[in-house]
Amino acid sequence: MQFSCNGQRKNFYVLVYTYMVDWLGFSLPFPLFAFLGLYPNFLYFSYNDSVLYKMAIIGLLYAFFGIGHLLGNWIFGLFVQKFLSFGCLITSSLLSILGYGLLAFGTVEESLSFLFAGRLMTGLGSGTVLIGQRAVHDLLDPPFKKEGVYILFTAGALAFMLGPWIGGKLSNFFWIHGSGGFIFGSFLSLLQFFFTLLFYKERGFVSSSYLKAAPPSFLGQVLLIIKQKESKRLYLVLFFFIFGWTNFLIFNSLFLVENFSLAVETLGDFFAFYFFIWFFAFFILIHFFSLDKMRIVSLTCLLLGALGIFAFCQNSILWIFWIIIPILVASSSLSLGSLEIRLQQQENLETPLFFQRSTLFWILSCTLGPILLAPLCAMQSPLALGIASSSVLIAFLFDAVT
């Protein structure tokens, strides 16, 4: 790749690392939070608290990162012109270090207040996602902009999928009372601070062409999507799929802990299995399908994904998951890949803009899903996964009809 100014290669790698840390922070606690409301030997809740209240609180814990992320995106978007990307990246790393410290302390002391504060702080610290996309787009020469943003997006997606595995392996309750994953996250954020301080050199970039066409905010992207004529319905398909898949990732831990009493490190093994299948399907398997077959791939895989999530939440035999999971994860991965290809073909959309809109759907799903679905787990643990399956099925029906 070639860069618009000399010495920008280090900037690019700092931005990729920052992007990975941002997405890792969201998914890192997935396995750990599944235990908080299900086992009475923790002091996060009193003995008289109802299961509905516990599940609602757990849902808010998941969602607070997304709330902080949306708020951080707005704040950093306002101040990026004044403090430039360097100042925003330094501030975000300090917020993340503080947030992980609060999460680790809250885990050791079994304090919900510190967990909420830490979750919000780490969300605020990850609010530089769109700034990173803008900076990568600006520092690369025109022929390489698409490749650079794609590398950035891929790094974030891999970190998001790896987060629960890392969190599960490092959050054993017999080691620092389950705070190992948060200590690791704080260490990664500390590295982010020093990498930015030592290697990131701000340049006077010209305004991004895609930023002129679209405000660098999630609200601006929502308004632009609503105005789309040809691809608005396909964006709805993408949103319903991402909503279902994201909430499967969030709530499958609760289901596995409640029904199979799995340990937190064993949950990490499940997420590692998800990661390897997703990686294989998204980066290798999809290339075996021609472009004119992408709609058929989308329809088939969306239906398989919906059926896979439904089979997952109805299964009561542990070893059968090793049959269900490959079908479920591979079909979901191919669904996302084929939908992205179709949207870029249909709308002739710039890659940076498309990734901004995909990021919007991920964050909205990670924020709204836990708030709406977590209380359902108080009635029956498969209900949240059933809603996730229904959401993917709605995506299939939208795609089939339109």
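The residue numbers shown here count from 1 along each chain, following its written sequence. Side-chain atom pairs in this predicted model are given and counted only at pLDDT of 80 or more, local residue features only at pLDDT of at least 70, and totals for whole chains, interfaces and linings cover all residues. Excluded from the side-chain calculation are hydrogens and water; included are all heavy atoms of the structure.

Once that is clear, we can look at the overall build of the protein chain. A count of helical and extended segments in the protein chain gives 15 helices and 0 strands. Of all 402 residues assigned to the protein chain, the portion counted as buried reaches 58%. We call two residues in contact whenever any of their non-hydrogen atoms come within 4.5 Å of each other. Taking all contacts inside the protein chain whose residues are at least 6 apart in sequence as the whole, residues at least 24 apart take part in 84%. Calculation of accessible area relied on Shrake-Rupley with a 1.4 Å probe; when residues are assessed, cover is drawn exclusively from the protein chains displayed. Total accessible area on the protein chain is roughly 16400 Å²; 70% of this is exposed by carbon and sulfur atoms. Secondary structure elements follow DSSP: runs of H or I of four or more residues count as helices, runs of E of two or more count as strands, with numbering from the N terminus. The classification of residues rests on relative accessible area computed with a 1.4 Å probe and restricted to protein chains. Under 20% of the type maximum is buried, over 50% is exposed, and intermediate values are partly exposed.

This paragraph deals with the environment of Phe105. Take Phe105: it is sitting in helix α3 (residues 51-109). Taking C-alpha positions, Phe105 is 9.2 Å from Phe182, a pair spaced 77 residues apart along the chain.

It is worth spelling out the packing of helix α10 (residues 232-260) against helix α15 (residues 382-401) at this point. Taken N-terminus to C-terminus, the directions of α10 and α15 make an angle of 160°; their axes are 8 Å apart at the nearest point. In terms of orientation, α10 and α15 fall into the roughly antiparallel class. Where α10 crosses over α15, the two elements pack in a sense that is left-handed. By residue class, the composition of the contact of α10 with α15 is 18 nonpolar, 4 polar and 1 charged. A fitted line through C-alpha atoms serves as each axis, taken over the contacting stretch for helices, and the angle formed by two N-to-C directions is quoted from 0 to 180°. An angle below 35 degrees is treated as roughly parallel, one above 145 as roughly antiparallel, one from 65 to 115 as roughly perpendicular, and anything else as oblique. What makes a crossing left-handed is the near helix being turned counterclockwise from the far one by less than a right angle; a clockwise turn instead makes it right-handed. Think of it as three bins: nonpolar holds Ala, Val, Leu, Ile, Met, Phe, Trp, Tyr, Cys and Pro, charged holds Asp, Glu, Lys and Arg, and polar takes everything else, Gly as well.

In this model helix α4 (residues 112-125) runs 20 Å from its N-terminal to its C-terminal C-alpha over 14 residues, within 8% of the 20 Å that 1.5 Å per residue would give. Turning to α4, its buried residues number three or more, namely Leu112, Leu115, Phe116, Gly118, Arg119, Thr122, Gly123, Leu124 and Gly125. Structurally, α4 contributes buried residues whose contacts are with α1 (9-27), α2 (30-36) and α3. The length a helix should cover is 1.5 Å for every residue beyond the first.

In the contact formed by α10 and helix α12 (residues 294-314), the axes pass within 11 Å of each other and the chain directions differ by 20°. The pairing of α10 with α12 is recorded here as roughly parallel in orientation. For the crossing formed where α10 meets α12, the hand is left-handed. Together, Val237, Phe241, Gly244, Phe248, Asn252, Phe255 and Leu256 of α10 and Leu302, Ile309, Phe312 and Cys313 of α12 make up the contact between the two elements.

Membership of the largest hydrophobic core comes to 114 residues, with the highest contact counts inside it found for Trp245, Leu256, Tyr274 and Phe312. The element best represented in this core is α10, accounting for 18 residues. Every residue in contact with Tyr274, bar those within four places of it in the chain, is listed here: Met161, Phe248, Leu249, Asn252, Leu256, Phe312, Ile325 and Val329. Definition of nonpolar core: a set of buried residues of the types Ala, Val, Leu, Ile, Met, Phe, Trp, Tyr and Cys, connected through side-chain atoms within 4.5 Å.

Across residues other than glycine, the phi torsion is negative in most instances, and most of the peptide bonds are trans. In this model, His177 sits at a positive phi of 55°, which is unusual for a non-glycine residue. A relative accessible area of 30% means that His177 is categorised as partly exposed. Despite not being glycine, Ser261 shows a phi value in the positive range, around 50°. Locating Ser261 in the fold gives a position in the loop between α10 and α11 (264-283).

Stacked, edge-to-face and tilted labels apply to pairs of Phe, Tyr and Trp rings (six-membered ring for Trp) whose centres lie within 6.5 Å, assigned for plane angles under 30 degrees, over 60, and everything in between, in that order. According to the stated counting rule, one finds 40 aromatic pairs in the structure shown. Seen in terms of ring centroids, Phe33 and Tyr62 are 5.6 Å apart; in terms of plane orientation they differ by 70°. Their pairing is edge-to-face. Remark: Tyr62 occurs in helix α3 and Phe33 occurs in helix α2; sequence separation between them is 29 residues. Both rings, one in Trp245 and one in Phe248, keep their centres 5.4 Å apart while their planes meet at 25°; by these two values the pair is stacked. Of this pair, Trp245 and Phe248 both sit in helix α10, 3 residues apart, roughly one helical turn.

Let's shift gears to the confidence of the model for the protein chain. Where the model shows low pLDDT, its predicted coordinates should not be examined in detail. The quantity known as pLDDT measures the predictor's confidence residue by residue, on a range of 0 to 100. With 89% of its residues at a pLDDT of at least 70, the protein chain reaches an overall mean of 84. Here helix α8 (residues 209-213) stands out as the element of the protein chain with the lowest mean pLDDT, 40, in contrast to α12, whose mean of 95 is the highest. Counting interchain partners and residues more than four positions distant, the pLDDT-below-50 stretch residues 204-216 has 32 contacts.

A side-chain nitrogen of Lys or Arg and a carboxyl oxygen of Asp or Glu constitute a salt bridge if their distance falls within 4 Å. Applying the stated criterion to the full structure yields 3 salt bridges. The salt bridge involving Asp269 is made with Lys169; its shortest N-O contact spans 2.7 Å. Placement of Asp269 in helix α11 and of Lys169 in helix α6 (residues 145-170) is noted, with a sequence separation of 100 residues between them. What you see here is one network of salt bridges that share partners, running through Arg295, Arg342 and Asp399.

So, about the environment of Leu376. Within the secondary structure layout, Leu376 lies in the loop between α14 (351-373) and α15. Relative accessible area serves as the criterion here: at 22%, Leu376 is assigned to the partly exposed category. Sequence separation between Leu376 and Met55 is 321 residues, and the spatial gap between their C-alpha atoms is 7.9 Å. With near-sequence residues (within four places) excluded, Leu376 lies in contact with Leu383, Ala384 and Ile387.

Here Gly125 is to be found in helix α4. The exposure class assigned to Gly125 is buried, which follows from its relative accessible area of 1%. Sequence separation of Gly125 and Ile90 is 35 residues, and the distance between their C-alpha atoms is 9.5 Å. When sequence neighbours within four positions are dropped, the list of residues in contact with Gly125 reads Asp22, Ser92, Leu95 and Ser96.

A cluster of nonpolar side chains, Leu71, Trp74, Ile75, Leu78, Phe79 and Phe83, forms an exposed patch at the surface whose accessible area comes to about 590 Å². Its place among the elements puts Leu71 in helix α3. Note on Leu71: relative accessible area 38%, which makes it partly exposed. Residues with no salt bridge and a relative accessible area higher than 30% make up the patches, which join like charges within 9 Å and nonpolar side chains (Val, Leu, Ile, Met, Phe, Trp, Tyr) within 5 Å.

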